[in-house]
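Spelled out, the chains give:
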Amino acid sequence: MSPLRPVPSSLLAAAAVLALLTGCATTEPAATTASDSAASSGDAHGEIAGAEELAEAQLGLTLVGPGGQATQLDLLDESFADLGAVRAPDAVHSDGRYLFAIDATGVSIVDSGVWTWDHEDHFHYYRAASRVVGDIEGAGIATIATTTSSTTGGTGLFFPESGEAVLLDTEALSNGEIVERFRIAGEPGEGIVLPVGSFAAVAAGDRVTVHDADGAEVGVTEDCLAPRGTITTRVGGVIGCDDGAILLTVDDGTPQIERIPYPTGAGSRAEGFANREGRPRVAALAGEDGADGIWILDTRARAWTLLPGPEPLLQVTAVDDNAANLLALTRSGRVLVLDGESGAVRASTEPLVSASVADSAGAVHLIADQQRAYLSGPTEQMLWEIDFADDARIARTFTPTTAPLFAVLTGR
């Protein structure tokens, strides 16, 4: 896959036909994973009415400016398109298709119109109309959890000021509708609603309880003190707890919970996780600015590794490729390419976003993809595409029409 330049339509068409003729003839893996849940739910390879299937990922950066103006950068033809206005967010989340703009009173949802369906041994790529879908009301900066499928299953929201746990119907969302499968009242505080298969785990207080899609508890529970941080990989859904992580999977239609404890003598916990979309290994800072190192959680091996932090860090994300690359954003505004096995520095950029870090560190975004990384600088009003495998070379730069206060990668 190359995200760098447009592909002629004739080649796209030929490749698409070849993919459809040969791609689905392979034998499905026997193991149950997070994306198998989407396949078993009747999903037609991620296709929805009106969508066009293409031969490669339709990668883009979906941006939100300070006033809530949403913009889409097409990374194939380098064009910008206005998507409409949403609430001015305090935070954002994405599953690779939707952007969720979050403030203290609710969530606005933007459909980028581009997504990938993961068929384990191959992929299907789609493009449809982009749009602002609508809003969900709630109290407090919501925590949002998504799966590896943007057309099936659920999308979880937890509103901390009210303690409400909400599960949205993702299939309805893919058709431009906001449908709440359940909204469960709870106590104010930290919490997570993590969808997995046809179920959803609600983590609040010191417990995780698993519910069916209508909100009924199914009798699967586990302790989890101070739930913070969540991500979904090919293996399953992760919730961070004080003593490690909980991994949720579905085996033969039955939800399963496994504990992945920290190694003996571990210091600071992981507060949040980031990786290349769907990959089994995820990264997190240990301690403020990574003072205690960098946590790597391998959800396939059910194991933690603590790597040394080379200098004060703001963000880390695992590429989880053959070279085990790990990306980090430093307090000085540089992007580091680290060895994901040892933590050694392999390459570094110049300080690209030092002004943004000084002004609003939380709004700088470092995003990992298979071949490139993307960095947003709202104060610099710039976006950078970085070839991390080529000595952290700056491959392209983009200048949006409005400051990219928040940026997510879509099309994955």
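Before reading further, recall that the structure is shown in the block above.
Quick summary incoming for the structure in this document. (Residues numbered from 1 in each chain as written. Predicted model: local features only at pLDDT ≥ 70, side-chain atom pairs only at ≥ 80, totals over all residues. Heavy atoms only, no water.)

### Description of the pairing of strand E5 (residues 91-94)
Here is step 1 of the chain: Alternating positions in E5 separate cleanly, Val92 and Ser94 being buried on one face and Ala91 and His93 remaining unburied on the opposite face.
Here is step 2 of the chain: The pairing of E5 with strand E6 (residues 98-103) spans four bridges and is antiparallel. Bridged to Ser94 within E6 is Leu99.
Here is step 3 of the chain: In textbook terms, the turn of a hairpin is the stretch between consecutive antiparallel strands, and for E5 and E6 this stretch comprises three residues, one of which, Gly96, has a positive phi near 100°. (Buried < 20%, exposed > 50% of the residue type's maximum accessible area, 1.4 Å probe, protein only. Helix = DSSP H or I, 4+ residues; strand = E, 2+ residues; numbered from the N terminus. Pairing = 2+ DSSP bridges.)

### What about the state of the cysteines?
Here is step 1 of the chain: Under the definition given, this model contains one disulfide.
Here is step 2 of the chain: For Cys224, the disulfide goes to Cys241, at an S-S distance of 2.0 Å. Negative torsions about the S-S bond denote left-handed disulfides, and the value of about -105° found for Cys224 with Cys241 makes this one left-handed. Placement of Cys224 in the loop between strand E18 (217-223) and strand E19 (230-232) and of Cys241 in strand E20 (residues 237-241) is noted, with a sequence separation of 17 residues between them. Cys241 shares its class with Cys224; the two are buried. (Disulfide = S-S within 2.5 Å.)

### Concerning the nonpolar core
Here is step 1 of the chain: Leu327, Leu329, Val353, Leu366, Leu375, Trp384 and Ile386 are the most contacted members of the largest nonpolar core, which has 20 residues in total.
Here is step 2 of the chain: Those elements that place two or more of their residues in this core are strand E27 (325-330), strand E28 (335-339), strand E30 (366-368), strand E31 (373-377) and strand E32 (382-387).
Here is step 3 of the chain: By residue number, the principal contributor to this core is E32, which donates three residues.
Here is step 4 of the chain: Leu366 has contacts with Gln315, Thr317, Leu327, Ala328, Leu329, Val335, Ala373, Tyr374 and Leu375, leaving out every residue within four places of it along the chain. (Core = buried A, V, L, I, M, F, W, Y, C linked by side-chain atoms within 4.5 Å. Contact = heavy atoms within 4.5 Å.)

### Brief notes about the environment of Asp74
Here is step 1 of the chain: Relative to the elements of secondary structure, Asp74 occurs in strand E3 (residues 69-74).
Here is step 2 of the chain: Separated by 13 residues in the primary sequence, Asp74 and Leu61 have C-alpha atoms spaced 6.8 Å apart.

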